[in-house]
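Spelled out from the first residue to the last, the chains are:
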Amino acid sequence: MPEYDVVVVGAGIHGVGVAQAAAAAGYSVRVLEKNNIGTGTSSKSSKLIHGGLRYLESYQFSLVRKSLKERAVLCRIAPGLVKLQPFYIPVYKTTTRRPLHIRIGLIMYAVLGGLHRDNLFKRIRRKKVASLDGLNKTDLQHVYQYYDGQTNDQRLTQAVMRSAQQLGAELTCPAELNSISKTKNGYRLIYTQQGNEKELHAKVVINAAGPWANEVHQLVTADVNSLAVDLVQGTHIILNTSAPTGIYYLEAFDQRAVFVMPYEVDGVMRTMVGTTEKLYQGKADNVKATAEEIDYLLTNYKSYFPDKVNVKVLDQFAGLRVLPKHDGSMFSRPRDTILHWALPGFLTLYGGKLTAYRSTSELVIKKIKPLLGKRKRIAYTDQLYLLKE
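As a starting point, this report considers the structure included with it. This one's a predicted model, so the numbers in the text were calculated from it and none came from an experiment.

Points about the pairing of strand β14 (residues 268–274)
Successive residues of a regular strand alternate their side chains across the two faces of the sheet. Inspection of the sheet shows strand β11 (residues 229–242) paired to β14 by five bridges, in the antiparallel sense. Of the residues in β14, the one forming a bridge with Ile237 is Val273.

Given below as structure tokens:
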């Protein structure tokens, strides 16, 4: 039976990030993925590498600081995959968040980013507002501009997996996991690949299955300590309109944040609008965009860009975020990753941000190192360049 220091379940961004970090630290690693690299939640995000300006409202300052630091790292090591884009925040007479509120938030954002020039902001002069993609100017008071990052989430995930493989990590994909059982010094995993049942042994298991994490727990032949979580559906739509020149951070009718951004479809730049937040019940495999969500996003888009005519939805996709179960609003819940020992030597990752995958992965290595011992380090993940292909 093949034996590994670490077996990672799931090849989404956090799974491949852990694989890369573990391989860089000198551990033997195998990744098991049931479909393909980054085709689950990691291909259904808003494609943003950002600090999370709106998280300042829920006082998640450490998350914002960490995310801005990680954004800078990713811009440096993955320049072909992560690029800074101008973000525009229009303020109208009816906007709930007033100009002073937004200025304070942007100042805090800049401070938490170390006042680096990439984190500074400005107000767009009125004579330049006319060039902003047909933005509705009725009762428009101010437009603020700052910068954050954008990526292709699936390509980024694939690039991290390639980096992990170059460091010695192995990938089995597709592989349907059948069972996980405790052994004297680790775990025995049985899976099916191309119709053949196979098995391997891991000293440590990392459950990075995202919204499927608790479903993975059901495959363990022991009592597992699972956290109570909510799955929150987020839908995006792709429109036939030409891509905007930047990313618009808009206040929706219900005061939520909605982004309008450029998005490449089959080599053509289009407009993407997202996202929604809807509590999801059911199996994670069955998530799909609803007509209500599509109408919500399209209506909000048209209210801000009324000059766009014959707007049609070309495509839509829905993904799931994992949030701690709580009676409060979804917006106020913590968005950082929860690292949870479901069993000794069996670590489950709940939630988290695309932007912070690398720092989260390094925290995972710190947690499992006492179980595995120290190895001769091969590389450091903040020094490994990620290539587009």
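Observations concerning the packing of helix α2 (residues 61–77) against helix α3 (residues 99–112)
Packing of α2 against α3 leaves a shortest axis separation of 9 Å and a crossing angle of 60 degrees. Taken together, α2 and α3 sit at an angle that is classed as oblique. With respect to the hand of their crossing, α2 and α3 are arranged in right-handed fashion. Side by side, α2 and α3 meet where Phe61, Val64, Arg65 and Leu68 of the first sit next to Met108, Tyr109 and Leu112 of the second.

What to know about the environment of Leu384
Position of Leu384 among the secondary structure elements: in the segment after α8 (357–372). Take Leu384: its relative accessible area is 17%, and that puts it in the buried class. Placed 345 residues apart in sequence, Leu384 and Thr39 show a C-alpha to C-alpha distance of 23 Å. If near-sequence neighbours (up to four positions away) are discounted, Leu384 is found in contact with Gln20, Ile77, Ser163, Leu167 and Ala379.

Here's the deal with the side chain of Ser359
Along the polypeptide, Ser359 turns up in helix α8. With relative accessibility at 13%, the residue Ser359 sits in the buried group. With residues near it in sequence (within four places) discarded, Ser359 still touches Lys66 and Glu70.

A few points about the nonpolar core
Judged by nonpolar contacts, the single largest core of 45 residues is most densely connected at Val6, Val8, Val29, Ile206, Val364, Ile368 and Leu386. When residues of this core are traced back to their parent elements, those giving at least two are β1 (3–9), α1 (13–24), β2 (29–32), α2, α5 (153–166), β10 (196–207), β18 (346–350) and α8. In terms of residue count, α1 provides more of this core than any other element does, eight residues in total. Beyond its immediate stretch of four places on either side in the chain, Leu386 contacts Gln20, Ile77, Ala78, Leu81, Leu156, Ala159, Val160, Ser163 and Tyr357. Core analysis: the second largest hydrophobic core is formed by 29 residues, Tyr4, Val9, Trp212 and Tyr280 among them.

As for helix α7 (residues 291–304)
Side chains that are three or four residues apart share a direction in an α-helix, a result of its 3.6 residues per turn. For α7, which comprises 14 residues, the first-to-last C-alpha distance of 20 Å matches the rise-based estimate of 20 Å (1.5 Å per residue) to within 8%. The set of residues buried in α7 consists of Glu293, Ile294, Tyr296, Leu297, Leu298, Asn300, Tyr301 and Tyr304.

Topic: the pattern of salt bridges
The full count for this structure, using the stated rule, is 15 salt bridges. Taking the shortest distance from any N to any O, the salt bridge between Lys34 and Asp285 comes out at 3.1 Å. Pair noted here: Lys34 is in the loop between β2 and β3 (48–49) and Asp285 is in the loop between β15 (278–280) and α7, with a separation of 251 residues, a long-range link. Relative accessible area serves as the criterion here: at 29%, Lys34 is assigned to the partly exposed category. In this structure, the salt-bridge partner of Arg71 is Asp148, at a minimum N-O distance of 2.6 Å. You can see Arg71 sitting in helix α2 and its partner Asp148 sitting in strand β6 (residues 140–151), a full 77 residues away along the chain. Arg71 gets classed as buried once you look at its relative accessible area, which sits at 3%. When salt bridges that share partners are traced, they join Asp5, Lys203 and Arg375 into one network.

Calculation criteria
- Residues numbered from 1 in each chain as written.
- Predicted model: local features only at pLDDT ≥ 70, side-chain atom pairs only at ≥ 80, totals over all residues.
- Heavy atoms only, no water.
- Pairing = 2+ DSSP bridges.
- Helix = DSSP H or I, 4+ residues; strand = E, 2+ residues; numbered from the N terminus.
- Axes fitted to C-alpha atoms, helices over the stretch in contact; angles between N-to-C directions.
- Parallel < 35°, antiparallel > 145°, perpendicular 65-115°, else oblique.
- Left-handed = near helix turned anticlockwise from the far one by under 90°.
- Contact = heavy atoms within 4.5 Å.
- Buried < 20%, exposed > 50% of the residue type's maximum accessible area, 1.4 Å probe, protein only.
- Core = buried A, V, L, I, M, F, W, Y, C linked by side-chain atoms within 4.5 Å.
- Expected span 1.5 Å × (residues − 1).
- Salt bridge = Lys/Arg side-chain N within 4 Å of Asp/Glu carboxyl O.

Worth remembering: the numbers are spatial, not functional.
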